Amino acid sequence: MYSRMPPPARGCETALDTTATTTHNSELNHVSPLTYGEKMPHDAPTAPETFPPSETTVANAVAREELFERAAADRQGFWADISREYLTWDTDFTSVLDWSNAPTAAWFGDGRLNACYNAVDRHVEAGLGDRIALHFEAEDGTRTDYTYAELKDEVSKAANALASLGVATGDRVAIYLPMGPIAVISMLACARLGAPHSVVFGGFSADALHSRIQDAGARVVITSDGQFRGGKALPLKLAVDEAISAGDTPVEHVLTYRRTGQGVEWTDGRDVWWHDVVDAASSEHEPVIVEAEHPLFILYTSGTTGKPKGVVHTTGGYLTQAAFTHKNVFDVHPDTDVYWCTADVGWITGHTYVTYGPLLNATTQVIYEGTPATPNKDRWWEIIEKYGVTIFYTAPTAIRTCMKWGEEFPAAHDLTSLRILGTVGEPINPEAWLWYHRVIGGERCPIVDTWWQTETGGIMISPLPGITATKPGSAQRPLPGITAKILDNLGEEITDETPGLLVIAEPWPAMLRGIWGDPERFKETYWARFEGIYFAGDGARYDEDGDIWLLGRVDDVMNVSGHRLSTAEIESALVAHDAVAEAAVVGAKDDTTGQAVVAFVILREEYIAHADEQGEGTDLVATLREHVRREIGPIAKPRDILIVPELPKTRSGKIMRRLLRDVAENRAIGDVTTLADSSVMDLISKGLGR
Ligand code: WTA
């Protein structure tokens, strides 16, 4: 019955989410009470070893210490100064934070600016036009460099082309593209017009894409014929065609970039080739100046219910924090560094630390199209050597995968250019941290373990190179200007080493401004747990030095390979299948992916009889896994599907996932006294032959 899941199709990117389908089980949309004691996947620290700041970074220590002092003395004044220092405002602001419409903040509210101008044009104006902005490494090894001047021409052309397709300021544009310069250019072109982009990860299914296009009300979709992954040309536009085929979205045009040259279906009038409209467009384009609070993008992420949330970020505050954190967390020296973040632009990490942060700081960066194992398992290390990468940012799941592959792959390359290493997406286990430090960093590079979320927009908790003695497994301290706290269930602040709930007590510039089209859900999800305080959904605790250790999600959100998945979304995909009466999904510990999706499924009566007759039990598991892949995407495919006769429920009908996690992780079953029927767990265990 157990079946092992192959690595996700796009395995080493950070962050994730999925789509909504109908459910036969009304309980699935029930948000469980947050009992943090129930679920703490990450073990607490024991006598942590520390690594002092390395010589390569201490030079900037004094300036960084000062940031903390300035922020502590006058938090809002600090952010105002930072914003003016890091961004070029078309109209300066007089108001810093307006919290009168809480929980929707306005930062720098009467200021005006353009995001693309800040990321591109102003660098060209400052004489940096010849600096490389993007080194694009295609999967087949082809290298294409874009200078800032070239990038300015390309985004201007793309902005003119989008305008010619009817895209105006405020219109939403969906982007469904492979990782590459066209994705970055498309995002920036939207920003240039003040048209919020909604990037949908290219690994999502047509269904997932459909619900996102519809929810955001996108008028144009930008896609490509196909994408190269693992040496193969996979279709991409096909999913767009399918997503809009029902005619229930406002999409008027599909702008299609030719990447692989494979055949595509074509709808005249609706579909346009990038090379026809963008290449022919003028490279002169005046960026549209917008208000600081103008929405820059929507990015869908998983919550505790079946429907993904369209997290809204606006312009001035988001860019301020993107630029500031990128510069300081990674100790970026734009004139000498070569930066590489392996995230896909389909995730928040790709938004803030590929498209916006690095370009705002006029950094030279690498973007890579393909998988880490194409053509060989040393591909990443080859790229670091090829471009002389100095700053490298990736996810713990990728590090664990590379660990499994073996040290010989990095050892075959000269990695001495590296200066700073970073991780994001999930807690990093000390073993992986130490391997990263020794094998990749040659014991000389500080590691920044950065905690943040789609909702926070930028890094919130992280060591700072040059001043923090790092500790394997701990994200350590909130950044200057960020007020993180740990509260108990009753909202009392915890200052000792007791585990509690992570909150952000004061508004911050890059905070989400809402959930697209759903203000109530915004309030309920983040602001109702503790009145007026942002509830992150993560467990955390301090160690004896006051450093923060993240303990994993305390809600029904799973973290698989650093990708966010909601249990309810996968459950509703499962119950949408005819064979399934009820489903419960849990995230079980997994050595490589952090957590893995494990589904418990009750079959419909008629199916049980049928399956018994045909001996189809195993096939059905394969069918259901495939069904989830089709409904949501490869990353959501359960590692294991267990067919069970019953699910453990409380008297009020809530599924007790804690007990199912015990089963999934092969542990002794915990306390069953709150179950409506305490014999259910025996029934389940017996059925599974335990
Ligand atoms: C988890 C990704 C521990 C956390 C940027 C959070 C982490 C969720 C870390 C957000 C870290 C992210 N240590 N846990 N350094 N970074 N997380 O929205 O559970 O895809 O709530 O944003 O990832 O995932 P998201």
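Owing to the predicted nature of the structure, the values given are computational and were not obtained by experimental measurement. (Residues numbered from 1 in each chain as written. Predicted model: local features only at pLDDT ≥ 70, side-chain atom pairs only at ≥ 80, totals over all residues. Heavy atoms only, no water.)

Draft legend 1. Main features of the environment of Pro 358. Looking at the secondary structure, you find Pro 358 in helix H10 (residues 348-360). Each C-alpha atom, one on Pro 358 and one on Val 448, is 16 Å from the other, the two residues being 90 residues apart in sequence. If we skip the residues at most four places from it in the chain, Pro 358 touches Tyr 148, His 326, Tyr 339, Thr 352, Tyr 353, Thr 363 and Gln 365. (Helix = DSSP H or I, 4+ residues; strand = E, 2+ residues; numbered from the N terminus. Contact = heavy atoms within 4.5 Å.)

Draft legend 2. Representation of the UniProt feature "domain: Acetyl-coenzyme A synthetase N-terminal" (unreviewed entry) in the protein chain. In the numbering used here, UniProt assigns the feature "domain: Acetyl-coenzyme A synthetase N-terminal" (unreviewed entry) to residues 65-119. For the annotated span residues 65-119, helix accounts for 47% and strand for 11% of the residues, and the straight-line distance between the end C-alpha atoms is 27 Å. (UniProt positions renumbered as here; feature names shortened; annotations may be inferred.)

Draft legend 3. Summary view of the domain arrangement of the protein chain. Considered domain by domain, the protein chain is made up of domain 1 (55-72 + 311-553), domain 2 (148-288) and domain 3 (562-687). Here the C-alpha centroids of domain 1 and domain 3 sit 33 Å apart. Across the boundary between the two partners, domain 1 contributes 11 residues, which contact seven residues of domain 3. Between domain 1 and domain 3, roughly 710 Å² of surface is buried when both sides are summed, and carbon and sulfur atoms account for 40% of that area. (Domains from an automatic or database assignment. Buried area = accessible area lost by both parts, 1.4 Å probe.)

Draft legend 4. Highlighting the sheet that holds strand S22 (residues 500-504). The sheet built from four strands is open, its strands ordered S21-S22-S24-S25 with antiparallel pairing. Strand pairing shows two members of the sheet lacking a second neighbour, strand S21 (484-487) and strand S25 (548-553), which therefore form its edges. Adjacent strand axes in the sheet meet at a mean angle of 45 degrees, parallel and antiparallel pairs treated alike. Summarising the sheet, S22 and strand S24 (residues 534-542) pair through four bridges and their orientation is antiparallel. Residue pairing in the sheet places Ile 504 in a bridge with Tyr 534 of S24. (Pairing = 2+ DSSP bridges. Axes fitted to C-alpha atoms, helices over the stretch in contact; angles between N-to-C directions.)

Draft legend 5. Focus on helix H12 (residues 396-405). Across the 10 residues that make up H12, a large majority, seven, are buried. Residues of H12 that are buried include every one of Pro 396, Thr 397, Ala 398, Ile 399, Arg 400, Thr 401 and Cys 402, and no others. Considering only its buried residues, H12 is in contact with helix H11 (379-387), strand S18 (391-394), strand S19 (420-424), helix H14 (430-440) and strand S29 (594-603). (Buried < 20%, exposed > 50% of the residue type's maximum accessible area, 1.4 Å probe, protein only.)

Draft legend 6. Quick look at the UniProt feature "domain: AMP-dependent synthetase/ligase" (unreviewed entry) in the protein chain. Sequence positions flagged by UniProt for "domain: AMP-dependent synthetase/ligase" (unreviewed entry) are, in local numbering, residues 127-516. Secondary structure over residues 127-516 splits into 30% helix and 22% strand, and the C-alpha atoms at its two ends are 39 Å apart.

Draft legend 7. Spotlight on the site of the ligand. In the vicinity of the ligand, 18 residues are found, and the nearest of them are Asp 449, Thr 450, Thr 454, Asp 538 and Arg 564. In the environment of the ligand, an oxygen atom lies 2.8 Å from a nitrogen or oxygen atom belonging to the side chain of Asp 538. Protein contacts shield 99% of the accessible area of the ligand, which totals 530 Å² for the unbound molecule. Among the elements of the structure, H10, strand S20 (447-450) and S25 are those that each provide at least two residues to the shell around the ligand. Across the shell around the ligand, the residue classes tally to seven nonpolar, six polar and five charged. (Near = heavy atom within 4 Å. Polar contact = N/O pair within 3.5 Å; in protein donor to acceptor, adjacent residues only side chain to side chain. Areas by Shrake-Rupley, 256 points an atom, 1.4 Å probe, with all protein chains shown as cover. Nonpolar A, V, L, I, M, F, W, Y, C, P; charged D, E, K, R; others polar.)

Draft legend 8. Focus on the state of the cysteines. Using the criterion set out here, one finds zero disulfides in the structure. Cysteine Cys 116 shares no disulfide, and the gap to the nearest cysteine sulfur, in Cys 190, comes to 10 Å. This cysteine, Cys 445, is not joined by any disulfide, and Cys 402 carries the nearest cysteine sulfur, 16 Å off. (Disulfide = S-S within 2.5 Å.)

Draft legend 9. View of the sheet that holds strand S23 (residues 514-515). The mixed open sheet is built from eight strands, whose spatial order is S12-S11-S8-S6-S7-S14-S15-S23. Every other strand in the sheet has two partners, leaving strand S12 (271-273) and S23 as the edge strands with one partner each. Pairing between strand S11 (residues 253-257) and S12: three bridges, direction parallel. Opposite Val 254, over in S12, you have Asp 271 as the bridge partner. The sheet contacts of helix H6 (residues 206-216) involve strand S6 (173-176), strand S8 (220-224) and strand S14 (295-301), and relative to S14 the element is tilted by about 145 degrees.

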